[in-house]
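Residues per chain are reported as follows:
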Amino acid sequence: MQFETLAIHAGRQVDLTTGAIAPPLYLSTTFEQDPDRGYEYTRTGNPNRAMLENCLAALEGGEVAIAFSSGSAATTSVLQALTPGDHVIAPNDAYTGTTAILQSLLQPWGLQVSFVDMTDLEAVQAAVQPNTRLLWIETPSNPMLKVTDIAAVAAIAHHTNALCVCDNTWATPLLQRPFELGADLIVHSTTKYLGGHSDLLGGAVIAKTDSEVAQRIRQIQAIGGAVPSPFDCWLLLRGIQSLPYRMRGHCDNASKLATWFSQQPQVSTVHYPGLAEHSGHAIAQKQMKDFGGMLSVQVGAGKEAAIALLSHLKIFCRATSLGGVESLIEHRATTEGPGTTTPDDLLRLSVGLEHIDDLIADLAYAFEQIG
Ligand SMILES: *Cc1c(COP(=O)(O)O)cnc(C)c1O
């Protein structure tokens, strides 16, 4: 089945007792004990979560999906499936929350971590140790939109008997197929494009096969209990139905904006993998179907000008996060806080689904105001 059809139908069925097309919401925390029906207590299993997990597994082409209360909970659970003393190779420009999970939670617990430029394959290979058990990929990266070669990193991981994990949040399963490139596990913050409407928090791990590590992660979900609420599962399953069409709009608007930015004298650099001059363009072209809805720009006049620009925007909302239908913009270094390596003249944009002419007019007006 094609992606558009899966997005609408996978995991769902017409309700057997009423014929309802939209799934009922199962708020019950406990279930009459009956091995045939398979539910007992909502932390270990819930019908809305089961529908969502079946849908997510189908979208990524994996055997199993395990849903969490946030992308960060999904990330933490993958890392908790390792053993203290294991070594992890992670990007030196991962999502700030992922870096914080590694440094503040898992390193004290006993994981060893090397932070590496994952786009530099020699550096990745050089970081491999006898106890390396997991290589983490996030591509395109945040907020520099660097592109990591998933197939090449997966090959390094498998050569050393380690897992290859890909955070596919920014690309979504529509644009990038990590399992086909060799990844073993895929992580999502479903808060972003999969949900798509800035109204739910969620995460997921999808496993290519129902392996020992997948079963361990499911056990962590059930025991640790960082599960999504039935309503968040319901909202997410609903949001996913329009994902393929939303992504086309995001990609189309972002690529038009990237071209427009690259013609503005006040913009010194545009970071968007769809631009031919972007350092990751060739690999992105090879491993992505389109280039996504995220981009960053650097304002030539510097930090103060970049921040001043934000106050003149009327459609772009000044906010963090991404992947919703509405356009957002933020001064990323401020969001990331002390220790950030993000350039201080950089603005990160989540390009929404408004009309492109209105988005360009909004930005053009703001640039005029800062001169
Ligand atoms: C937002 C995000 C996360 C964390 O997800 P939450 O749902 O906020 O916990 C992880 N990875 C990437 C790439 C993200 O954008």
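Residues numbered from 1 in each chain as written. Predicted model: local features only at pLDDT ≥ 70, side-chain atom pairs only at ≥ 80, totals over all residues. Heavy atoms only, no water.

1. Some thoughts on the overall build of the protein
We count it as follows: Going along the chain from the N terminus, every DSSP run of H or I of four or more residues is numbered as a helix, and every run of E of two or more is numbered as a strand. Throughout, the radius of gyration refers to the C-alpha atoms, and the reference size of a globule is 2.2 Å times the residue count to the power 0.38. We call two residues contacting when some pair of their heavy atoms lies within 4.5 Å. In these tables, accessible area is a Shrake-Rupley quantity obtained with a 1.4 Å probe, and a residue counts as shielded only by the protein chains included in the view.
Across its full length, the protein holds 14 helices and twelve strands. Over its C-alpha trace the protein gives a radius of gyration of 21 Å, about what one expects of a compact globule, namely 21 Å for 371 residues. With the C-alpha coordinates of the protein rotated into their principal frame, the extents come out at 70 × 55 × 35 Å. Sequence separation of 24 or more characterises 70% of the internal contacts of the protein that already satisfy a separation of 6 or more. For the protein, the accessible area works out to roughly 15600 Å², and carbon and sulfur atoms hold 53% of it.

2. Some details on the nonpolar core
To be explicit about the condition: To form a nonpolar core, buried Ala, Val, Leu, Ile, Met, Phe, Trp, Tyr and Cys residues must be joined to one another through side-chain atoms within 4.5 Å. Burial classification: accessible surface area is computed with a 1.4 Å probe over protein chains only, and a residue below 20% of its type maximum counts as buried, one above 50% as exposed, and the rest as partly exposed. The source of the domain bounds is an automatic or database domain assignment.
Among the nonpolar cores identified, the biggest contains 33 residues, and L52, L56, L59, I206 and I240 are the most heavily contacted of them. The set of elements that each furnish at least two residues to this core consists of α1 (3–9), α2 (47–60), β1 (64–68), α7 (172–175), β7 (203–207), α9 (230–240) and α10 (243–262). With six residues, α2 is the largest single contributor of residues to this core. Counting contributing residues per domain, this core is built from domain 1 (3–240) and domain 2 (244–370), each supplying no fewer than three. Other than its neighbours up to four places away in sequence, L56 contacts A65, L194, A204, I206 and I240. Core analysis: the second largest hydrophobic core is formed by 32 residues, A258, V299, I329 and I356 among them.

3. Section: the site of the ligand
Basically, it comes down to this: Working definition: residue near molecule or strand if any one of its non-hydrogen atoms lies within 4 Å of it. As used in this structure description, the phrase polar contact means that two N or O atoms lie within 3.5 Å; if the pair is within protein, one of them must be able to donate a hydrogen and the other to accept it, and residues adjacent in sequence are counted only when both atoms belong to side chains. Each residue is assigned to one class: nonpolar for Ala, Val, Leu, Ile, Met, Phe, Trp, Tyr, Cys and Pro, charged for Asp, Glu, Lys and Arg, and polar for all the others, Gly among them.
Residues in contact with the ligand amount to 14 residues; listed here are only the nearest, S72, D167, S189, T191 and K192. One of the side-chain N or O atoms of S72 is found 2.7 Å from an oxygen atom in the ligand. Contacts to the ligand include K192, whose side-chain N or O atom sits 2.8 Å from an oxygen atom. Computed on the free molecule, the ligand has an accessible area of 380 Å², of which 93% lies beneath the protein chains in the complex. Of the residues assigned to the shell around the ligand, the class counts are four nonpolar, seven polar and three charged.

4. What about the sheet that holds β7?
Sheet strands associate in pairs through backbone hydrogen bonding, adopting either a parallel or an antiparallel arrangement. What counts, and what does not: In this description, strands pair whenever DSSP reports at least two bridges between them. Axis lines are fitted to C-alpha atoms, over the contacting stretch for helices. Their N-to-C directions set the angle, which ranges from 0 to 180 degrees.
Ordered in space as β1-β7-β6-β5-β4-β2-β3, the seven strands form an open sheet in which the pairing is mixed. The open sheet is flanked by β1 and β3 (112–116), the only strands paired with a single partner. Each strand of the sheet is rotated relative to its neighbour by a mean of 20°, with strand direction disregarded. Here five bridges tie strand β4 (residues 132–138) to strand β5 (residues 163–167), and the two strands are oriented parallel to one another. Within β5, the residue paired with L134 across the bridge is L163. The strands touched by helix α8 (residues 212–224) are β1, β5, β6 (185–189) and β7; relative to β1, the strand with the most contacts, the crossing angle is about 25°.

5. Digging into the state of the cysteines
Rule in force here: Working definition: a disulfide is two cysteine sulfur atoms within 2.5 Å of each other.
According to the stated counting rule, one finds zero disulfides in the structure shown. No disulfide involves C164; its sulfur sits 6.8 Å from that of C166, the nearest cysteine. You can call C166 buried: its relative accessible area is 0%.

6. Some thoughts on the domain arrangement of the protein
So the rule is basically this: The term buried area means the drop in 1.4 Å probe accessible area that two parts suffer when joined, counted for both and summed. By convention in these notes, a salt bridge is any Lys or Arg side-chain nitrogen within 4 Å of a carboxyl oxygen on Asp or Glu.
For the protein, the assigned domains are domain 1 (3–240) and domain 2 (244–370). If you average the C-alpha positions of domain 1 and of domain 2, the two centres end up 26 Å apart. Taken together, the contacts link 32 residues of domain 1 with 35 residues of domain 2. Across the interface of domain 1 and domain 2, roughly 2800 Å² is buried in total on both sides, 61% from carbon and sulfur atoms. Summed over the three residues of domain 1 that lose the most area to domain 2, namely V147, L175 and Y193, the buried surface amounts to 25% of that side. Our enumeration of links across domain 1 and domain 2 arrives at two salt bridges. Close ionic contact of R248 with E4 constitutes a salt bridge, the shortest N to O distance being 2.2 Å. Connecting domain 1 to domain 2 are 13 residue pairs in polar contact (both at pLDDT 80 or more). Elements with a contribution of two residues or more to the side of domain 1 that touches domain 2: α1, α7 and α9. Looking at the side of domain 1 that touches domain 2 residue by residue, the class counts come to 17 nonpolar, twelve polar and three charged.

7. Description of the environment of T18
On the secondary structure map, T18 appears in the loop between α1 and α2. Along the backbone, T18 and E336 are 318 residues apart, and their C-alpha atoms lie at a distance of 49 Å. Looking at T18, its side chain comes within polar contact range of the side chain of D15, at 2.5 Å. Of the polar contacts made by the side chain of T18, one reaches the backbone nitrogen of A20; its length is 3.2 Å.

8. Details of the packing of aromatic side chains
Any pair of aromatic rings gets described here by the distance separating the centres and the angle formed by the planes. Stated formally: The aromatic pairing rule takes the rings of Phe, Tyr and Trp, using the six-membered ring of Trp, and pairs them if the centres are within 6.5 Å, calling planes under 30 degrees apart stacked, those over 60 edge-to-face and the rest tilted. Geometrically, a charge over a ring is one whose NZ (Lys) or CZ (Arg) sits within 6 Å of the ring centre while staying within 35 degrees of the ring normal.
The final tally for this structure, using the stated rule, is five aromatic pairs. Ring-pair connections join several aromatic residues into one group, and the members of that group are W260, F261 and F367. In this structure, K192 is placed above the aromatic ring of Y95, and the distance from its NZ or CZ to the ring centre is 5.3 Å. Residue placement shows R248 over the ring face of Y245; its charged tip is 4.8 Å from the ring centre.

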